[in-house]
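Observations on chain architecture
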Amino acid sequence: MDPTRLVRDHLTASPQTRPLFVVGAGKAAARMAAGVEAALGSERLDGIVVTAPGCEAALRRIRIAIGSHPLPDRASVAAANEILRAVGRAAPDATLLALISGGASSLLALPRPPVTLADKIAANRLLLASGAAIEELNTVRKHLSAIKGGGVLRAAGGRTVTTLILSDVIGDDPSVIGSAPTMPDPSTYADAIAVLRRYALLDRVPAAVRDLLEAGARGETVETVKPGDPEARRATATVIGSNATARRAAAIHAARLGYEPVVEDTPLSGDTAAAARRWAPRLTRRPGIARWCVIAGGETTVVVRGAGRGGRNQEFALAAAAELEGASVVLLSAGTDGIDGPTDAAGAFADGSTLARARERGLDQQKSLADNDAYAFFDRLGDLFRTGPTGTNVMDLKIAVGVGSAS
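Residues numbered from 1 in each chain as written. Predicted model: local features only at pLDDT ≥ 70, side-chain atom pairs only at ≥ 80, totals over all residues. Heavy atoms only, no water.

Remarks on the packing of aromatic side chains
Throughout the structure, instances matching the rule amount to 3 aromatic pairs. Relative to Phe-385, the ring of Phe-349 lies with its centre 5.6 Å away and its plane at 80°, an arrangement referred to as edge-to-face. Of this pair, Phe-349 sits in strand E10 (residues 347-351) while Phe-385 sits in strand E11 (residues 384-385), placing them 36 residues apart in sequence. Since its relative accessible area comes to 30%, Phe-349 is described here as partly exposed. On the basis of relative accessible area, Phe-385 is assigned to the partly exposed category, the value being 26%. A ring pair is formed by Phe-377 and Phe-378, whose centres lie 5.2 Å apart and whose planes are at 80°; its orientation type is edge-to-face. Comparing Phe-377 with Phe-378, the two get one shared label, buried. One residue, Arg-291, lies across the ring of Tyr-259, its end atom 4.1 Å from the ring centre. Above the face of the Tyr-375 ring, Arg-309 is positioned so that its terminal group lies 4.5 Å from the ring centre. (Phe/Tyr/Trp six-rings, centres within 6.5 Å; stacked < 30°, edge-to-face > 60°. Helix = DSSP H or I, 4+ residues; strand = E, 2+ residues; numbered from the N terminus. Buried < 20%, exposed > 50% of the residue type's maximum accessible area, 1.4 Å probe, protein only. Lys NZ or Arg CZ within 6 Å of the ring centre and 35° of its normal.)

Encoded structure:
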């Protein structure tokens with residue numbers, strides 16, 4: 001799924017007549033900006049987008065800044081400040097065209113005092129390891145930030161803000177994606193506190209984080225921009241690409257290769273190992289189709305309990321391997337962004353022979369699962385899937401091929 005083409009086609013069908021100032025953030029932001037230049041020509045454009053290392057694109061007028069992912073750093077703070085300064089310099093009659101994709105939450109960081117960058121990183125680490133869903137993470141992130149939850153709308157000073165979005169969340173809610181720097185936010189400080197309580201983190205986050213959220217819940221500090229606020233009245237958003245877009249594209253390609261595609265619409269979510277154990281057994285009971293390809297998507301979560309390395313897709317494949325043992329099925333679980341956890345892999349393959357090959361090498365699937373060490377397990381087998389950063393981000397794909405069956 002090409003972000004450049006999606007943006008180009010959207011803008012070609014809906015041409016812009018006013019001067020445009022482009023801002024953006026996310027793993028796909030640079031390639032989305034290339035689509036703006038392709039559709040509208042670079043001579044009438046200005047602006048800046050922030051993306052992750054390895055996700056750059058060749059642009060003529062729109063500048064690129066680099067932030068940090070999956071945890072913010074000083075580059076993310078510098079990028080957020082650059083975005084806000086750029087918005088303030090835009091012509092009074094300019095339409096702000098915002099390009100938002102997954103990853104923006106980390107790539108743009110502007111901690112709200114008294115929270116420091118170190119405090120925010122510590123809170124992010126705890127949330128990422130807790131198994132919290134992305135909408136829960138972003139509820140907290142928005143309330144620790146001066147740029148998320150509509151911060152760019154405040155800087156826009158009433159200008160029209162049109163946002164094009166590549167969704168990396170289940171449900172494609174613009175107020176969640178990338179922590180919504182250009183959209184109003186219906187969540188509250190009280191909601192953020194509830195998330196931390198749900199995962200027993202309220203007493204573990206830095207004191208400044210807890211103090212800010214509690215002060216906000218008491219009404220002692222400004223909330224994020226809310227639907228209906230003056231800053232949000234000229235803000236609109238369109239989701240131009242999502243996991244469903246990627247699943248459809250995968251199905252078309254599978255059919256061209258001679259497989260009968262079976263596209264599942266219900267997204268996979270929740271604990272990744274549990275989701276794999278529920279989903280994978282269905283792949284071994286598929287009578288009636290000679291060559292089939294099942295395509296699913298979504299975004300699962302991992303509660304980090306061990307000291308190993310991996311990501312949710314590698315762990316999904318590791319848990320699924322036990323359900324596929326002996327079957328004529330090959331499964332790939334991978335992130336569309338090419339990045340799975342803090343590793344150089346996008347995901348991993350599992351098939352009917354995975355556990356037998358693992359035993360030959362002295363690998364223990366259950367021990368690797370307990371230690372969250374899927375990376376070492378699949379690296380030893382040669383079954384990691386490495387693409388490098390892809391420059392897009394629409395959650396994860398599960399693609400399984402086999403012979404025999406689909407009910």
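Some thoughts on helix H11 (residues 272-279)
Within an α-helix, residues lying three or four positions from one another point in the same direction, as the helix has 3.6 residues per turn. Turning to H11, its buried residues are Thr-272, Ala-273, Ala-275, Ala-276 and Trp-279. The buried residues of H11 all sit within an arc of 160° when viewed along its axis, so they share a single face. Taken together, the buried residues of H11 touch strand E8 (291-298), helix H12 (312-324), strand E9 (329-335) and strand E12 (396-403). The opening residue of H11 is Asp-271, an N-cap whose side-chain oxygen sits 3.3 Å from the backbone nitrogen of Ala-273. (Arc of directions from axis to C-beta. Contact = heavy atoms within 4.5 Å. Polar contact = N/O pair within 3.5 Å; in protein donor to acceptor, adjacent residues only side chain to side chain.)

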